[in-house]
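Examining the three-dimensional arrangement
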Amino acid sequence: MTHTFTLIEGDGIGPEVSAAVVRILAAAGVEIEWDRQDAGAVALEQTGETIPPALLESIRRHKVALKGPLATPVGTGHTSANVALRKTLDLYANLRPSRNMPGVPSRYHHVDLIIVRENTEDLYSGLEHEVVPGVVESLKIVTERASTRIARFAFEYARREGRRRVTAVHKANIMKLGDGLFLECVRRVAAGYPDIPFDERIVDALCLDLVVKPETLDVLVLPNLYGDIVSDLCAGLVGGLGVVGSANLGEDAAVFEAVHGSAPDLAGRNLANPTALLLAAIMMLRHVGEGARADLIARALDRVMQSGQVRTRDLGGDASTTEFTDAVCREVGKAT
Ligand code: ATP
């Protein structure tokens, strides 16, 4: 069966890591037609919009997109196309697995945890204004609907994947109303899943646990901002930003991407590690029922990582993006 997916190559290292992943998927024999679309700064220049109608129409039609990183200017400039895409398509659940991979250098072992991040509200509401000069108000929006929906997603995920526990992460001791509502919603949903152990952590205490005993944590459900920050920390536990993929899931569409950004320092230098986007693509294949091919690529990737002979610079090696991609394609080829 031939799939058609939207492909957004993205900025910075995006085109290089996207090309690598497209090659590996083809080597594994997955038949995909890519509907290539622009987003972010490139689209803004051409169409006046960071997420043009043609892109939205493409994702709505194909239901699945693979997306390279989109740069977001800091402090000024256009609003984040990443955030706009998640909100417009109501991709309310952001799933970010952090797992030690064989052969990937890390200070930690036995880390296998999943971030389930609420993806549509919180301080990402984009509602900011200057009250008077020198005073800015940023609105943190928390709703019962979105908090309950993400909690349900986390428990359903935990049940389906046979996970050990769900932990709600919050700061309800300080934000008694906002985070209090989030926590209350997760507690209510947890009561409907007596088979899944549930506990709660204040976000600062969770960060301590994450660096001291990360192996004790399993499924973490968090509001948007804590989810974003904690997931970079979790990437650091398993080898860095180059090795963590992510899925943005809604009722009608799904967008798969790397956790990392556009890494402008590496752009165009054939140095980026395509593993994060490849892991996202593996999640994408599972999502569309291509589990066997997903497993095949995951095993090939593991073998390349485990041998340690072909490693990109972020993992302490000297291989280029192309050399690493060639090595994964060779391993995939052996198994097909
Ligand atoms: P953006 O502004 O788009 O968020 P950024 O450079 O600020 O980009 P990231 O791209 O997330 O933030 O990553 C920070 C650094 O981590 C990069 O500058 C790069 O050195 C390293 N890095 C990120 N992704 C990769 C990758 N795939 N391969 C190798 N190194 C990476």
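Calculation rules
- Every chain's residues receive numbers from 1 upward, in the order its sequence appears when written.
- For a predicted model such as this one, the threshold for reporting local features is a pLDDT of at least 70, and the threshold for listing and counting side-chain atom pairs is 80 or more; totals across whole chains, interfaces and linings nevertheless cover every residue.
- Side-chain metrics in this entry use all non-hydrogen atoms of the structure; hydrogen atoms and water are not considered.
- Going along the chain from the N terminus, every DSSP run of H or I of four or more residues is numbered as a helix, and every run of E of two or more is numbered as a strand.
- Radius of gyration here is computed from C-alpha atoms only, and the compact-globule reference equals 2.2 Å multiplied by the residue count raised to the power 0.38.
- Under the scheme applied here, a residue whose accessible area is under 20% of the maximum for its type counts as buried, over 50% as exposed, and between as partly exposed, the area being computed with a 1.4 Å probe on protein chains only.
- Contact definition: two residues touch when any of their heavy atoms are within 4.5 Å.
- Being paired, for any two strands, means DSSP has found at least two bridges between them.
- All axes here are fitted lines through C-alpha atoms, helices being fitted over the stretch that makes contact, and every angle between N-to-C directions spans 0 to 180 degrees.
- One side-chain nitrogen of Lys or Arg within 4 Å of one carboxyl oxygen of Asp or Glu is enough to make a salt bridge.
- The criterion for a residue being near a molecule or strand is simple. One of its heavy atoms has to lie within 4 Å of it.
- In protein, a polar contact requires one atom able to donate a hydrogen and another able to accept it; more generally it is a pair of N or O atoms within 3.5 Å, and residues adjacent in sequence count only if both atoms are side-chain atoms.
- Computed by Shrake-Rupley with a 1.4 Å probe, the accessible areas treat only the displayed protein chains as cover when residues are assessed.
- Classification used: nonpolar for Ala, Val, Leu, Ile, Met, Phe, Trp, Tyr, Cys and Pro, charged for Asp, Glu, Lys and Arg, polar for all others including Gly.
- To form a nonpolar core, buried Ala, Val, Leu, Ile, Met, Phe, Trp, Tyr and Cys residues must be joined to one another through side-chain atoms within 4.5 Å.
- Here is the rule for angles: anything less than 35 degrees is roughly parallel, anything more than 145 is roughly antiparallel, 65 through 115 is roughly perpendicular, and the remaining ranges are oblique.
- Crossing handedness is defined as follows: a turn of the near helix away from the far one that is anticlockwise and smaller than a right angle gives a left-handed crossing, while the clockwise case is right-handed.
- For each domain, the first and last residues come from an automatic or database assignment.
- A 1.4 Å probe defines the accessible area here, and the buried area is the portion of it lost by two parts on being joined, summed over both.

**Let's talk about the overall build of the protein chain**
A count of helices and strands for the protein chain gives eleven helices and twelve strands. In terms of overall dimensions, the protein chain is globule-like: its C-alpha atoms have a radius of gyration of 20 Å, near the 20 Å expected for 336 residues. Taken over 336 residues, the protein chain has a buried fraction of 53%. Long-range pairs, those at least 24 residues apart, make up 73% of the contacts in the protein chain with a sequence separation of at least 6.

**Some details on the sheet that holds strand β4 (residues 93-99)**
On the basis of which strands lie adjacent, the open sheet formed by ten strands has the order β2-β1-β3-β12-β11-β4-β5-β10-β8-β9 and mixed pairing. Edge strands, defined here as strands with exactly one partner in the open sheet, are β2 (32-36) and β9 (198-202). The average angle at which neighbouring strand axes cross in this sheet is 25°, direction not considered. Summarising the sheet, strand β11 (residues 245-249) and strand β12 (residues 254-258) pair through five bridges and their orientation is antiparallel. Across the sheet, the residue bridging to G245 is A258, located in β12.

**Re the pattern of salt bridges**
Inspection of the entire model under this criterion finds 27 salt bridges. Between R61 and E57 there is a salt bridge whose closest N-O contact spans 3.2 Å. One end of the pair is R61 and the other is E57, both in helix α3 (residues 53-62) and four residues apart, which spans about a single turn. Take R61: its relative accessible area is 48%, and that puts it in the partly exposed class. Among the residues examined, E57 registers a relative accessible area of 43% and is labelled partly exposed. Between R163 and D112 there is a salt bridge; the shortest N-O distance is 3.4 Å. Note that R163 is positioned in the loop between α5 (144-160) and β8 (166-170) and D112 in strand β5 (residues 112-118), a separation of 51 residues in sequence. Relative accessible area serves as the criterion here: at 16%, R163 is assigned to the buried category.

**Brief notes about the site of the ligand**
Surveying the vicinity of the ligand reveals 14 residues, the closest of which are G261, S262, A263, D265 and N273. At 2.7 Å, a backbone N or O of S262 approaches an oxygen atom of the ligand. Between the ligand and A263 there is a distance of 2.9 Å, counted from an oxygen atom to a backbone nitrogen or oxygen. Contact with the protein chains hides 67% of the accessible area of the ligand, taken as 600 Å² for the molecule alone. Its residues placed into classes, the shell around the ligand shows seven nonpolar, five polar and two charged.

**Considerations on the nonpolar core**
One finds L25, F256 and I297 to be the most contacted residues of the largest nonpolar core, which totals 91 residues. Considering every element that reaches this core, the biggest residue donor is helix α9 (residues 275-287), with nine residues. The contacts of I297, once residues within four sequence positions are left out, are I24, L25, A28, L278, I282, L285 and V332. Listed in part, the 14 residues of the second largest apolar core include A39, L55, A65 and L70.

**As for the packing of helix α1 (residues 14-27) against α9**
Packing of α1 against α9 brings their axes to within 9 Å, and their N-to-C directions diverge by 45°. By the angle between their directions, the pair α1 and α9 is classed as oblique. Viewed along their axes, α1 and α9 form a crossing whose handedness is right-handed. Taken together, the residues of α9 that come into contact with α1 (itself represented by V17, S18, V21, I24 and L25) are L277, L278, A281, M284 and L285. Among the residues forming the contact of α1 with α9, the class breakdown is nine nonpolar, one polar and no charged.

**Comments concerning the domain arrangement of the protein chain**
The domains assigned to the protein chain are domain 1 (1-100 + 238-336) and domain 2 (107-112 + 120-237). Between domain 1 and domain 2, the residue contacts involve 19 residues of the former and 22 residues of the latter. Summing the contributions of domain 1 and of domain 2, the shared interface buries around 1,600 Å²; its carbon and sulfur component is 54%. In terms of surface lost to domain 2, no three residues of domain 1 exceed K87, Y92 and N100, which account for 33% of the buried area on that side. Across the domain 1-domain 2 interface, the total number found is three salt bridges. In this structure, D90 engages R149 in a salt bridge whose closest nitrogen and oxygen atoms are separated by 2.9 Å. Along the contact surface separating domain 1 from domain 2 lie 13 residue pairs in polar contact (both at pLDDT 80 or more). Of all the secondary structure elements, the ones that give two or more residues to the side of domain 1 that touches domain 2 are α4 (81-88) and β4. Examining the composition of the side of domain 1 that touches domain 2, we find that five residues originate from one element, β4, more than from any other. Split by residue class, the side of domain 1 that touches domain 2 holds ten nonpolar, four polar and five charged.

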